[in-house]
Amino acid sequence: MLEPFYPKEYKNSTYEIDFESWRKKGYRGIIFDVDNTLVPHGAPADDRAKALFEHLHALGFSSILLSNNKEPRVKSFCEAVTGADYIYKAGKPKRAGYERAMRRMGTDVHTTLFIGDQIFTDVWGANRAGIYTILVKPIHPKEEIQIVLKRYLERIVLHFYFKKERKKS
């Protein structure tokens, strides 16, 4: 019942993901959420985010920022990092934004990763689109009220997700 909301993997941070291994596995495109996935909510691109995108570009990845935010927020972040494109007001968790992102990158569900911090928008939408999902722990606890409220429900989903993962090992 909760499986549509489960990520394929959970990481403490976007910055601990071994992107070189994903490249070796045949992945060529990465769709990112921005707020609390790459930087704290509302923050500009920092040196760590800039270095990540330079690294991804050097590895040959295409990348795109997929956000439900308005264009000024997403565009300013994108302009600060190397080699990324963006889609704003993406309508997550609808599949259309994810599919549009893959078309722009020239990738498909077998060669695209999605990385985000929210279950009910990021992960659910990417799962619906058939993309491999990596859920990351939110960078900072300060968030908009509607997100704070969703985090309570996410804790329930994560409880069952981690319980299932423990049974696997």
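Above this text is the structure in question.
Residues numbered from 1 in each chain as written. Predicted model: local features only at pLDDT ≥ 70, side-chain atom pairs only at ≥ 80, totals over all residues. Heavy atoms only, no water.

### As for the overall build of the protein chain
Part 1: Each helix and strand in the protein chain was counted, giving 6 helices and 6 strands.
Part 2: Starting at the N terminus and ending at the C terminus, the protein chain contains elements arranged as β-α-β-α-β-α-β-α-β-α-β-α.
Part 3: A compact globule built from 169 residues would reach a C-alpha radius of gyration of about 15 Å, and the protein chain, at 15 Å, matches this within 12%.
Part 4: The dimensions of the protein chain, computed from C-alpha atoms along their principal axes, are 40 × 35 × 30 Å.
Part 5: Element-wise, carbon and sulfur atoms account for 53% of the exposed surface of the protein chain, whose accessible area totals about 8,700 Å².
Part 6: Separation between the mean location of the 29 positive side-chain charges and that of the 21 negative ones in the protein chain comes to 5 Å. (Helix = DSSP H or I, 4+ residues; strand = E, 2+ residues; numbered from the N terminus. Rg over C-alpha atoms; globule rule 2.2 N^0.38 Å. Areas by Shrake-Rupley, 256 points an atom, 1.4 Å probe, with all protein chains shown as cover. Lys, Arg positive; Asp, Glu negative; His and termini not counted. Charge placed at Lys NZ, Arg CZ, Asp CG, Glu CD.)

### Section: the side chain of Gln 118
Part 1: You can see Gln 118 is positioned in the loop between strand E5 (112–116) and helix H5 (119–129).
Part 2: With a relative accessible area of 10%, Gln 118 lands in the buried category.
Part 3: Not counting residues within four places of it along the chain, the set of residues in contact with Gln 118 comprises Val 123, Leu 135, Ile 147, Lys 150, Arg 151 and Glu 154. (Buried < 20%, exposed > 50% of the residue type's maximum accessible area, 1.4 Å probe, protein only. Contact = heavy atoms within 4.5 Å.)

### Details of the nonpolar core
Part 1: Counting residues in hydrophobic clusters, the biggest one holds 27 residues, and the most contacted among them are Phe 19, Phe 32, Phe 53, Leu 65 and Phe 77.
Part 2: Elements with a minimum of two residues in this core: helix H1 (19–24), strand E2 (29–32), helix H2 (47–59), helix H3 (71–80), strand E4 (84–87), E5 and strand E6 (132–136).
Part 3: Here this core gets 4 residues from one element, more than from any other, and that element is H2.
Part 4: Not counting residues within four places of it along the chain, the set of residues in contact with Phe 32 comprises Thr 14, Phe 19, Leu 38, Leu 52, Phe 53, Leu 56, Ser 63, Ile 64, Leu 65, Leu 66, Phe 114 and Ile 115.
Part 5: Core analysis: the second largest hydrophobic core is formed by 13 residues, Ile 31, Phe 114, Ala 129 and Ile 131 among them. (Core = buried A, V, L, I, M, F, W, Y, C linked by side-chain atoms within 4.5 Å.)

### Considering the pairing of E4
Part 1: In this structure, strand E3 (residues 62–66) lies alongside E4, joined through 4 bridges in parallel fashion. Across the sheet, the residue bridging to Leu 66 is Ile 87, located in E4.
Part 2: Regarding topology, H3 serves as the crossover connection from E3 to the parallel E4, and that connection is right-handed. (Pairing = 2+ DSSP bridges. Right-handed = clockwise from strand over helix to strand, strands pointing away.)

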